[in-house]
Every structure is written in C-alpha cells, then in structure tokens.
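# Architecture and fold: a report
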Amino acid sequence: QVQLEESGGGSVQAGGSLRLSCAFSGAVFSLYHMGWYRQTPENRRELVAAIISNTTTYPDSMKERFTISKDNAKNTVYLQMSNLQPEETAVYYCNARRGGIYKYPIYDYWGQGTQVTVSS
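In short, a report on the structure. (Residues numbered from 1 in each chain as written. Predicted model: local features only at pLDDT ≥ 70, side-chain atom pairs only at ≥ 80, totals over all residues. Heavy atoms only, no water.)

### Considering the overall build of the protein
Secondary structure assignment for the protein yields zero helices and eleven strands. Going residue by residue from the N terminus, the α and β elements of the protein occur as β-β-β-β-β-β-β-β-β-β-β. Relative to its length of 120 residues, the protein is compact, with a C-alpha radius of gyration of 14 Å against a globular reference of 14 Å. In terms of principal-axis extent, the alpha carbons of the protein reach across some 40 × 25 × 25 Å. Residues classed as buried in the protein amount to 42% of the 120 residues present. Of the contacts made within the protein by residues no fewer than 6 positions apart, 56% connect residues no fewer than 24 positions apart. For the protein, the computed accessible surface area is about 6,400 Å², with 45% contributed by carbon and sulfur atoms. (Helix = DSSP H or I, 4+ residues; strand = E, 2+ residues; numbered from the N terminus. Rg over C-alpha atoms; globule rule 2.2 N^0.38 Å. Buried < 20%, exposed > 50% of the residue type's maximum accessible area, 1.4 Å probe, protein only. Contact = heavy atoms within 4.5 Å. Areas by Shrake-Rupley, 256 points an atom, 1.4 Å probe, with all protein chains shown as cover.)

Right, here's the structure in full:
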C-alpha cells in the first residue's frame, strides 16, 4: 500500500517561498506519476504541478514560480514555490498515481495534506 507523507508547509508572507516535500513508501517509486494539488478554502482541488512519465507540467499561472522535482534515491518529490500570494493559501496534497491514463488512473493515492498560509 502506497503511503505519502507531506512536510514543509507553514506560514509565509506574500512574496515569500516555501519548499514542500513528500516521502513515498510502499511501492516502487519510479513507476508512479507524482503530483501536487491544493484544496482552496472554497473546497476546490486544483493541480499545482506534476511529473508525468518524467515530464513536468504546470498550470500557466504557476509555471514561472513553482518547480516540482523528484529524488529517486530518496523516494521523495519536492515542490519549490516562490512569490506566493495570499490567494494561494490552501492545503497542499501529494498525489501518486499509475495505470490507465493520468486523468483516470487505476491506482490513485493521496497524502494527508500540509497547510500553506500566505499572509498579505
């Protein structure tokens, strides 16, 4: 059973930076697409960044400010975020999926989430 444990969340002022980490265990890390999502206070879950078959992808609004990376030796995926804005306050979740196609995976696992709060 895949387990994901996020860390690195916290409070930061607008314009600040944070790095989130997600430790993966319970399966072969390299077989999984890894991603970060966030759930806003309005209860909307949106993609922040993903590595799909070793290719990174970001929504346009995050492309210049966020970087996702994997360390296969440590079974860990990272999200480096810069120039954070108050509207990006959310719970950030790590996701691992494989099988099927990315949007409709056969195996789909989520971490517990880590809170990121950006103050103005």
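### What to know about the packing of aromatic side chains
Tallying each qualifying case throughout the model produces four aromatic pairs. Measuring from ring centre to ring centre gives 6.3 Å for Y32 and Y109, while their planes differ by 55°; the resulting arrangement is tilted. Of this pair, Y32 sits in the loop between strand 3 (18-25) and strand 4 (33-39) while Y109 is found in strand 10 (residues 107-110), placing the two residues 77 residues apart along the sequence. Both residues of the pair, Y32 and Y109, belong to the buried class. Aromatic pair Y37 and W110: ring centres 5.1 Å apart, planes at 65°, arrangement edge-to-face. With Y37 in strand 4 and W110 in strand 10, the pair connects residues that are 73 residues apart, well separated along the chain. Given a relative accessible area of 10%, Y37 falls into the buried group. The class of W110 is partly exposed, set by a relative accessible area of 30%. Joined through ring pairs, the aromatic side chains of F24, F29, Y32 and Y109 make up one cluster. Lying over the aromatic face of F29, K70 brings its terminal NZ or CZ to 4.6 Å of the ring centre. (Phe/Tyr/Trp six-rings, centres within 6.5 Å; stacked < 30°, edge-to-face > 60°. Lys NZ or Arg CZ within 6 Å of the ring centre and 35° of its normal.)

### Concerning unusual backbone geometry
The backbone phi angle of S53 is positive, close to 50°, even though this residue is not glycine. Positive phi, normally seen in glycine, also occurs at N83, with a value near 50°. Along the polypeptide, N83 turns up in the loop between strand 8 (76-81) and strand 9 (90-98). Judged by relative accessible area, N83 falls into the partly exposed class, the value being 38%.

### Considering the side chain of N95
Structurally, N95 can be placed in strand 9. Residue classification places N95 among the buried positions, given a relative accessible area of 0%. A polar contact of 2.7 Å, which involves the side chain of N95, links it to the side chain of R97. At a separation of 2.8 Å, a polar atom in the side chain of N95 contacts the side chain of D108. Not counting residues up to four positions away in its chain, the partners in contact with N95 are L4, H33, M34, G35, Y37, Y102, D108, Y109 and W110. (Polar contact = N/O pair within 3.5 Å; in protein donor to acceptor, adjacent residues only side chain to side chain.)

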